[in-house]
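So the chains spell out like this:
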Amino acid sequence: MPLLQKHTSPRWGIWRIEEGWEQLLAQSDCPALYRPFLDKCRSDSRKAEWLAVRLLLRELTGRETAIAYHDNGSPYLPESDCNISISHTRGYAAVILDCTHVAGIDIEYRSERVQRIKSRFLHESESDRLNNASTDALLICWSAKETAFKMTGRRTADFRKDIRVLPFELSEASGCVDVKETLTEASTVYRIKYAVTPAYVVTYGIFRAGK
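Basis of the calculations
- Residues numbered from 1 in each chain as written.
- Predicted model: local features only at pLDDT ≥ 70, side-chain atom pairs only at ≥ 80, totals over all residues.
- Heavy atoms only, no water.
- Helix = DSSP H or I, 4+ residues; strand = E, 2+ residues; numbered from the N terminus.
- Rg over C-alpha atoms; globule rule 2.2 N^0.38 Å.
- Buried < 20%, exposed > 50% of the residue type's maximum accessible area, 1.4 Å probe, protein only.
- Contact = heavy atoms within 4.5 Å.
- Phe/Tyr/Trp six-rings, centres within 6.5 Å; stacked < 30°, edge-to-face > 60°.
- Lys NZ or Arg CZ within 6 Å of the ring centre and 35° of its normal.
- Pairing = 2+ DSSP bridges.
- Polar contact = N/O pair within 3.5 Å; in protein donor to acceptor, adjacent residues only side chain to side chain.
- Lys, Arg positive; Asp, Glu negative; His and termini not counted.
- Salt bridge = Lys/Arg side-chain N within 4 Å of Asp/Glu carboxyl O.

### Regarding the overall build of the protein
Here is step 1 of the chain: The helix and strand inventory of the protein stands at 7 helices and 11 strands.
Here is step 2 of the chain: At 17 Å, the protein has a C-alpha radius of gyration in line with the 17 Å of a compact globule built from 211 residues.
Here is step 3 of the chain: Projected onto its principal axes, the C-alpha coordinates of the protein cover approximately 50 × 35 × 30 Å.
Here is step 4 of the chain: Buried positions account for 48% of the 211 residues belonging to the protein.
Here is step 5 of the chain: Considering only residue pairs separated by 6 or more positions, the protein has 51% of its internal contacts joining residues 24 or more positions apart.

### Observations regarding the packing of aromatic side chains
Here is step 1 of the chain: Under the defined criterion, the tally for this structure stands at 8 aromatic pairs.
Here is step 2 of the chain: An angle of 65° between the planes, with centres 5.0 Å apart, marks the rings of F121 and W142 as edge-to-face. Taken together, the positions of F121 in the loop between α4 (113-117) and α5 (124-129) and W142 in helix α6 (residues 135-152) put the pair 21 residues apart, joining distant regions of the chain.
Here is step 3 of the chain: It is K47 that lies over the ring of W21; its NZ or CZ is 4.3 Å from the centre.
Here is step 4 of the chain: Over the ring of W50 we find R54; its NZ or CZ atom is 3.7 Å from the centre of that ring.

### Notes on the pairing of strand β7 (residues 102-109)
Regular strands show a simple pattern: their side chains alternate between the two faces of the sheet.
Here is step 1 of the chain: Taking burial as the measure, the 8 residues of β7 include 6 buried ones, the bulk of the element.
Here is step 2 of the chain: Where β7 meets strand β11 (residues 200-207), 8 bridges bridge the pair, whose relative direction is antiparallel. Residue pairing in the sheet places I107 in a bridge with V202 of β11.

### Description of the environment of R58
Here is step 1 of the chain: Here R58 lies in helix α3 (residues 44-61).
Here is step 2 of the chain: According to the relative accessible area criterion, R58 is buried, its value standing at 14%.
Here is step 3 of the chain: The spacing of R58 and D29 is 29 residues in sequence and 9.7 Å in space, taken between C-alpha atoms.
Here is step 4 of the chain: Residues contacting R58, with those up to four places away along its chain left out, are Q27, S28, D29, R63 and E64.
Here is step 5 of the chain: A polar contact is formed between the side chain of R58 and the side chain of E64, at a distance of 3.1 Å.

### Here we look at the side chain of T152
Here is step 1 of the chain: Tracing the backbone through its elements, the reader meets T152 in helix α6.
Here is step 2 of the chain: Among the polar contacts listed, one links the side chain of T152 to the backbone nitrogen of R154, at a separation of 3.3 Å.
Here is step 3 of the chain: Setting aside residues no more than four positions away along its own chain, T152 makes contact with E181, L183, T184 and Y190.

### Overview of the side chain of E181
Here is step 1 of the chain: Structurally, E181 can be placed in strand β9 (residues 174-181).
Here is step 2 of the chain: The buried charged residue E181 lacks any salt bridge partner; its closest oppositely charged side chain belongs to R154, at an N-O distance of 6.8 Å.
Here is step 3 of the chain: Of note is the side chain of E181, whose polar atom sits 2.6 Å from the side chain of T184.
Here is step 4 of the chain: A distance of 2.8 Å separates a polar side-chain atom of E181 from the backbone nitrogen of T188.

In structure tokens:
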């Protein structure tokens, strides 16, 4: 079972997707629960990602738990008051849970592509600071914005305008960045943690609303 990471404070983890979807389904305690989605999904890789998320959630909660989705696309747990955030990228799935805080997580595989698309998600002020930034720094910015966006609960955002990463110094393996959103009246600044590995970058955060 390729459970790659499992943390308790907050509860989050990463699953390395090495199995095919049939193997993942065989690990489920209640495969009939997942058949309606699997029968209508044509992509084998999408099936594997979808199942890996649910098996990872079982590892974090101790039981298989249904996941539903709000109208804005964000996930929630019908049988629990805990907040959940989900992400997947090439070969990996990530989940974070918190019962008292808003939570967000994002995982991105390491790729130089982020250098080519940075103008799509960096504000002009960010571009000035990050003009010669490393791939890792850009991936952290992109991923941290994704995490912060999920924490706002909004349906859409212009990452260049609505979500900005404040100046930070890049640590080699892990660290924090502050991300300010202007999608809500609160204009919250989220403290987002990151970890960099040879295969992926992951960012995550929790935030107590009203604090």
